[in-house]
Amino acid sequence: RRRTVMKVVGLWTAVRWPHGWRTNPAHDPRLNGTRPTEFATDLERLLRALDRLASASNAELEPMHGVFGIMSTRDWQRWAYKHLDHHLRQFGL
């Protein structure tokens, strides 16, 4: 029930994600996550991933998110938008 509320607020309202939350160690580039390489290469990788997500089906995506719970394709697409917006704002872009 709590995850449903978090998902609705976190994904489907205009509330911006707060800064300062710890990143999952599996995604933190200082720990187990993907380390940055050359900017142009990383940007191309991001754009390819966003293209794949835009055309993905439920069967191609993880069924669960660690905070938001069960996710549909539409939820994952909204998550990507909110996540990217969060980081662009973090860097003043």
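Structure first, text after, so check above.
Here the structure is a predicted model, which means the values were calculated and not measured.

Q: Tell me about helix H3 (residues 73-90), residues and numbers included.
A: Given 3.6 residues to a turn, an α-helix orients residues that are three or four positions apart in the same direction. Spanning 18 residues, H3 covers 26 Å between terminal C-alpha atoms, matching the ideal 26 Å at 1.5 Å per step. Those residues of H3 hidden inside the fold are in contact with helix H1 (2-12), helix H2 (39-54), strand S1 (64-65) and strand S2 (69-70). Gly92 occupies a position one or two residues after H3 and carries a positive phi of about 70 degrees.

Q: Run through the packing of H1 against H3, naming residues and quoting values.
A: Contact geometry for H1 and H3: axes closest at 9 Å, N-to-C directions at 55 degrees. Regarding the angle of H1 to H3, the classification is oblique. Across the interface between the two elements, Lys7, Gly10, Leu11 and Trp12 from H1 touch Arg74, Asp75, Arg78, Trp79 and Lys82 from H3. Here the residues of the contact of H1 with H3 are counted per class, giving three nonpolar, one polar and five charged.

Q: Lay out the side chain of Asp75 in plain terms, naming residues and giving numbers.
A: Within the secondary structure layout, Asp75 lies in helix H3. Side-chain polar atoms of Asp75 contact the side chain of Trp12, separated by 3.3 Å. Ignoring anything within four residues of it in the chain, the contact list for Asp75 reads Lys7, Leu11, Trp12 and Ile70.

Q: Residue-level account of the side chain of Lys82, with values.
A: Tracing the sequence through the fold places Lys82 in helix H3. Although Lys82 lies buried, it forms no salt bridge, and the closest oppositely charged side chain, Asp85, sits 6.4 Å away as judged by the N-O distance. Not counting chain neighbours up to four residues away, the residues in contact with Lys82 comprise Gly10, Leu11, Thr13, Ala14, Val15 and Trp17.

Q: How would you summarise H1 if you had to cite specific residues and measurements?
A: Those residues of H1 that fall on the buried side of the exposure criterion are Lys7, Gly10 and Leu11. The arc that holds the buried residues of H1, viewed along the axis, is 85 degrees, so those residues lie on one side. Exposed residues pointing more than 90 degrees away from the buried face of H1 are listed as Arg2 and Val5. Those residues of H1 that are buried lie in contact with S2 and H3.

Calculation criteria
- Residues numbered from 1 in each chain as written.
- Predicted model: local features only at pLDDT ≥ 70, side-chain atom pairs only at ≥ 80, totals over all residues.
- Heavy atoms only, no water.
- Helix = DSSP H or I, 4+ residues; strand = E, 2+ residues; numbered from the N terminus.
- Expected span 1.5 Å × (residues − 1).
- Contact = heavy atoms within 4.5 Å.
- Axes fitted to C-alpha atoms, helices over the stretch in contact; angles between N-to-C directions.
- Parallel < 35°, antiparallel > 145°, perpendicular 65-115°, else oblique.
- Nonpolar A, V, L, I, M, F, W, Y, C, P; charged D, E, K, R; others polar.
- Polar contact = N/O pair within 3.5 Å; in protein donor to acceptor, adjacent residues only side chain to side chain.
- Buried < 20%, exposed > 50% of the residue type's maximum accessible area, 1.4 Å probe, protein only.
- Lys, Arg positive; Asp, Glu negative; His and termini not counted.
- Salt bridge = Lys/Arg side-chain N within 4 Å of Asp/Glu carboxyl O.
- Arc of directions from axis to C-beta.

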